[in-house]
Amino acid sequence: MLPQEIIKKKRDGTPLAAAEIDAFIRGLTAGEVTEGQAAAFAMATYFKGMTPDETVALTLAMRDSGKTLCWQHLDGPVLDKHSTGGIGDKVSLILAPLIAAIGGYVPMISGRGPATPAAPSTSSTASPANTRVALERLQEVVAEGGCAIVGQTAELAPADGRLYAIRDVTATVDIRPLIVASILSKKLAAGLGALVMDVKVGSGAFLPSIEEARRLAADLVAVAEGAGLPCRAVLTDMNRCLGHTAGNALEVREAIDFLTGRKREQRLATVTLTLAARLAELGGLADSADAALLMLQRALDDGSAAERFQRMVATLGGPADLLDQPERHLAAAPLRRPAALDVEGFVQRIDVRALGLAIIELGGGRTRPEDAIDHRVGLSDVLGLGDRVDKDRPFAIVHAADEADAARAIDRLCAAVTVGAEPPSSAMSPIVEGAAAS
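Everything numeric in this text was worked out from a predicted model, so none of it was measured.

Parameters at a glance
Residues numbered from 1 in each chain as written. Predicted model: local features only at pLDDT ≥ 70, side-chain atom pairs only at ≥ 80, totals over all residues. Heavy atoms only, no water. Salt bridge = Lys/Arg side-chain N within 4 Å of Asp/Glu carboxyl O. Helix = DSSP H or I, 4+ residues; strand = E, 2+ residues; numbered from the N terminus. Buried < 20%, exposed > 50% of the residue type's maximum accessible area, 1.4 Å probe, protein only. Phe/Tyr/Trp six-rings, centres within 6.5 Å; stacked < 30°, edge-to-face > 60°. Core = buried A, V, L, I, M, F, W, Y, C linked by side-chain atoms within 4.5 Å. Contact = heavy atoms within 4.5 Å. Pairing = 2+ DSSP bridges. Axes fitted to C-alpha atoms, helices over the stretch in contact; angles between N-to-C directions.

1. Things to note about the pattern of salt bridges
Okay, step 1: Counted under the stated rule, the structure contains 32 salt bridges.
Okay, step 2: Between Glu212 and Arg215 there is a salt bridge; the shortest N-O distance is 2.4 Å. In this pair, Glu212 and Arg215 are both assigned in helix 9 (residues 210–226), three residues apart and thus about one turn of the helix distant.
Okay, step 3: Owing to a relative accessible area of 30%, Glu212 belongs among the partly exposed residues under this scheme.
Okay, step 4: Between Arg408 and Asp405 there is a salt bridge, with the nearest N and O atoms lying 2.3 Å from each other. A residue pair is termed a helical-turn pair when its members lie 3 or 4 positions apart in one helix, as Arg408 and Asp405 do in helix 16 (residues 403–416) at three residues.
Okay, step 5: We classify Asp405 as buried; its relative accessible area is 13%.
Okay, step 6: Via salt bridges that share partners, Arg176, Glu212, Arg215 and Asp219 belong to a single interconnected network.

2. Some points on the packing of aromatic side chains
Okay, step 1: Scanning the model with the defined rule gives two aromatic pairs in all.
Okay, step 2: Where Phe24 meets Phe41, the ring centres are 4.5 Å apart and the plane angle is 25°; that geometry is what we call stacked. Highlighted residues: Phe24 in helix 2 (residues 18–30) and Phe41 in helix 3 (residues 35–48), separated in sequence by 17 residues.
Okay, step 3: The class of Phe24 is buried, set by a relative accessible area of 2%.
Okay, step 4: Under the relative-accessibility criterion, Phe41 is labelled buried at 2%.

3. A word on the nonpolar core
Okay, step 1: Of all hydrophobic cores here, the largest spans 122 residues; its most connected members are Ile99, Leu138, Phe309, Leu355, Phe395, Val398 and Leu413.
Okay, step 2: A total of nine residues in this core trace back to one element, the largest contributor, which is helix 11 (residues 266–282).
Okay, step 3: Contact partners of Leu355, with chain neighbours within four places excluded, come to Ile87, Cys241, Ile350, Leu379, Val382, Phe395, Leu413 and Ala416.
Okay, step 4: Ile7, Leu28, Ala38 and Met50 belong to the second-largest nonpolar core, a separate cluster that totals 23 residues.

4. Thoughts on the sheet that holds strand 1 (residues 79–83)
The strands making up a sheet associate through backbone hydrogen bonding, with each pair oriented either parallel or antiparallel.
Okay, step 1: If you walk across this open sheet you meet the four strands as 1-4-5-12, and the pairing is mixed. Edge strands, defined here as strands with exactly one partner in the open sheet, are strand 1 and strand 12 (431–433). Recorded for the sheet is a direction-independent mean angle of 30° between the axes of neighbouring strands.
Okay, step 2: Pairing between strand 5 (residues 231–237) and strand 12: two bridges, direction antiparallel. Bridge assignment links Thr236 to a residue of strand 12, and that residue is Ile431.

5. Looking at the sheet that holds strand 10 (residues 396–400)
Okay, step 1: With respect to topology, three strands assemble into an open sheet ordered 6-10-8, the strand pairing being antiparallel. Each edge of the open sheet carries a strand with a single partner, namely strand 6 (335–339) and strand 8 (378–380). Between one strand axis and the next, the sheet turns through 30° on average, direction left out of account.
Okay, step 2: Taken together, the five bridges between strand 6 and strand 10 define a ladder with antiparallel strand orientation. Paired with Ala339 across the two strands is Ala396, which belongs to strand 10.

Quick look at the structure:
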């Protein structure tokens, strides 16, 4: 099948057959489809969209463009969670060992592509463990400890990597069928038995509109189920930082404090446990979400989830005492400066996207895939909606490499916060909507 004929058919709005999509993706993987043809295909999809059947076919074709993992030797379900990204989203660092502690196996492979203000970086990369491992090693770590959080590998769904790079430079990233296929092709290649999707909503989310987030969630669930992967989606609030920190090493430290019980911010706990409970129920580890919550809380309280996290870090080559001495192993920025507002009152609104931009400007995120990340920088003690600010209580503490970076971040943060004399009349729940069924 000629690529140009497939492009023409899509351009004219005629649904593509699964065989045509498969041929195009095989050509893309082999280098027989040019970058220009892939860009034309993406643009045609932008204007004409895809049917659910086309999106399923594209997802499966990209899955089959590389290796797929098999977990038949394990004695429990293989489960995973994916987030559309948000400020302070360190849920994965907590959820993976939680699921492992109650009998699941979690091969969590972080996504590729440049960071956005909605997700400046991947906090797992700040861990002193080695997150770049071969697939064989990933399978060994998961079998031994129940979970592994590692970086993206080109061996899984390589066609997605090539297509994403082209989309990134042709203004075609935000095409819902291609977003869905990109996410799910890698999850299917990982050999999952069930998946839960965390779709963020709000000013710090990839999709600020709840209507758009609902559509994406519904598409993700429908395509996953159509491809044979049980899936549920949960819409969660991103109108404030999730937890009290944002930035690589700072988020790892907050996750450690959560797992060990030193400090557990309530909204972070609600989001993490809700997603983990949905996943546990979907994967057959519990008969209901309520039963799963009891199991998960027990795993936190008895230390078994923390032990799974430590085992994962050590097995991936990290320090055996990370939980006991995190400050010894996690990089710290040389400067800490308060983002103090010149007014007193209660936080009414936060432009959370601006927080992400501040982290990127500090060096804690990327604008291009090849950019280096400064794991030390970020924000701590971040306040939320309804919290009081005054001269003794800044909105956040900025962790920076130098004074100039700190000053720029402080200016951006102060401009991002709206303060009023009274607390806001209502605050959105961290769980906007529950599971979205197919």
